[in-house]
Amino acid sequence: MSYRAVIVDFGGVLTTNLDLSACAFARECGLPDDAYLHAVTVHPEGRRLYAELELGNITQDTWNAGIAALIGIDGTDLMRRALSTLAPEPLVVEAVQAIRRAGLKTAVLSNSMGRARSTPTNGGS
């Protein structure tokens, strides 16, 4: 069998661990380490909001406000803030680069984060 392409996930594959980023964000907000993760992955309303975001039924700003309300923090640019400590995972990036140099096509497949970017209100991009 010969391969023609490789598809990799973004968060937690091409990047550092998403859960560690979520815990760091919670600590930065003065919350228990699992507060953000619990709101997004366990709490029924958080799970509903995430599903609606991925389906494109709500905006990222709506998601930001809803998740922020669940954990009692400011929702301004929440997703960007929560993922801000993600960094490239060097070994995986190097592997993908080697795959490309070997002539295989590469692609990134990842979850949707809604139809449009969140609108930063703090002058960020």
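Values in this document were obtained by computation on a predicted structure and should not be read as measured data.

**Q** Honestly, the overall build of the chain in this entry has me stumped. Any pointers?
**A** From N to C terminus, the chain includes seven helices and two strands. Written out in order from the N terminus, the α and β elements of the chain read β-α-α-α-α-α-α-α-β. When each of the 125 residues of the chain is scored for burial, the buried share is 29%. Long-range contacts, defined as pairs at least 24 residues apart, comprise 65% of the intrachain contacts of the chain with a sequence gap of at least 6.

**Q** Before we go on, may I ask you to explain the nonpolar core in this structure?
**A** Within soluble globular proteins, side chains that are nonpolar tend to cluster in buried spots. Judged by nonpolar contacts, the single largest core of 20 residues is most densely connected at Tyr36, Trp63, Ile67, Ile73 and Leu78. At the level of elements, helix 2 (18-28), helix 3 (35-41), helix 4 (44-54), helix 5 (60-71) and helix 6 (78-82) are the ones that each hand at least two residues to this core. Setting aside anything within four residues of it in sequence, one finds Leu78 in contact with Phe25, Trp63, Asn64, Ile67, Ala68 and Ile73.

**Q** Is there a simple way to think about the pattern of salt bridges in this case?
**A** Proximity of charged atoms lets side chains of opposite charge pair with each other. For the structure shown, the criterion picks out three salt bridges. The closest approach of N and O atoms between Arg27 and Asp33, which form a salt bridge, is 3.1 Å. In this structure Asp33 comes out as partly exposed when scored by relative accessible area, which is 38%. Here Arg80 makes a salt bridge to Asp77, at a shortest N to O gap of 2.4 Å. By relative accessible area, which is 4% here, Asp77 ends up buried.

**Q** How should I be thinking about the packing of aromatic side chains in this particular structure?
**A** Centre-to-centre distance and the angle between the planes together describe a pair of aromatic rings. Counted by the stated rule, this structure contains two aromatic pairs. Note on Phe25 and Tyr36: the rings are 5.5 Å apart at their centroids and 80 degrees apart in plane angle, and the pair reads as edge-to-face. Highlighted residues: Phe25 in helix 2 and Tyr36 in helix 3, separated in sequence by eleven residues. Judged on exposure class, the residue Phe25 and its partner Tyr36 are both buried. Consider the rings of Tyr50 and Trp63, whose centres lie 6.0 Å apart with planes at 80 degrees: the pair is edge-to-face. A residue pair is termed long-range when its members are at least 10 positions apart, and Tyr50 in helix 4 and Trp63 in helix 5 qualify at 13 residues.

**Q** Just checking my understanding: could you explain unusual backbone geometry for this structure?
**A** The general pattern is negative phi for most residues beyond glycine and trans for most peptide bonds. The backbone of Asp77 sits at a positive phi, close to 55 degrees, despite the residue not being glycine. Tracing the sequence through the fold places Asp77 in the loop between helix 5 and helix 6.

**Q** Teacher, can you tell me more about helix 4 here?
**A** Spacing of three or four residues puts side chains on the same side of an α-helix, whose turn is 3.6 residues. Among all positions in helix 4, only Gly46, Leu49, Tyr50 and Leu53 are buried. Buried residues of helix 4, viewed axially, fall in a sector of 100 degrees; they line one side. Projecting away from the buried face of helix 4 at angles above 90 degrees are the exposed residues Pro44 and Arg47. In this structure, the buried side of helix 4 is in contact with helix 3, helix 5 and helix 6. Remark: Gly56 follows helix 4 within two positions and exhibits a positive phi of approximately 80 degrees.

Criteria and cut-off values
- Residues numbered from 1 in each chain as written.
- Predicted model: local features only at pLDDT ≥ 70, side-chain atom pairs only at ≥ 80, totals over all residues.
- Heavy atoms only, no water.
- Helix = DSSP H or I, 4+ residues; strand = E, 2+ residues; numbered from the N terminus.
- Buried < 20%, exposed > 50% of the residue type's maximum accessible area, 1.4 Å probe, protein only.
- Contact = heavy atoms within 4.5 Å.
- Core = buried A, V, L, I, M, F, W, Y, C linked by side-chain atoms within 4.5 Å.
- Salt bridge = Lys/Arg side-chain N within 4 Å of Asp/Glu carboxyl O.
- Phe/Tyr/Trp six-rings, centres within 6.5 Å; stacked < 30°, edge-to-face > 60°.
- Arc of directions from axis to C-beta.

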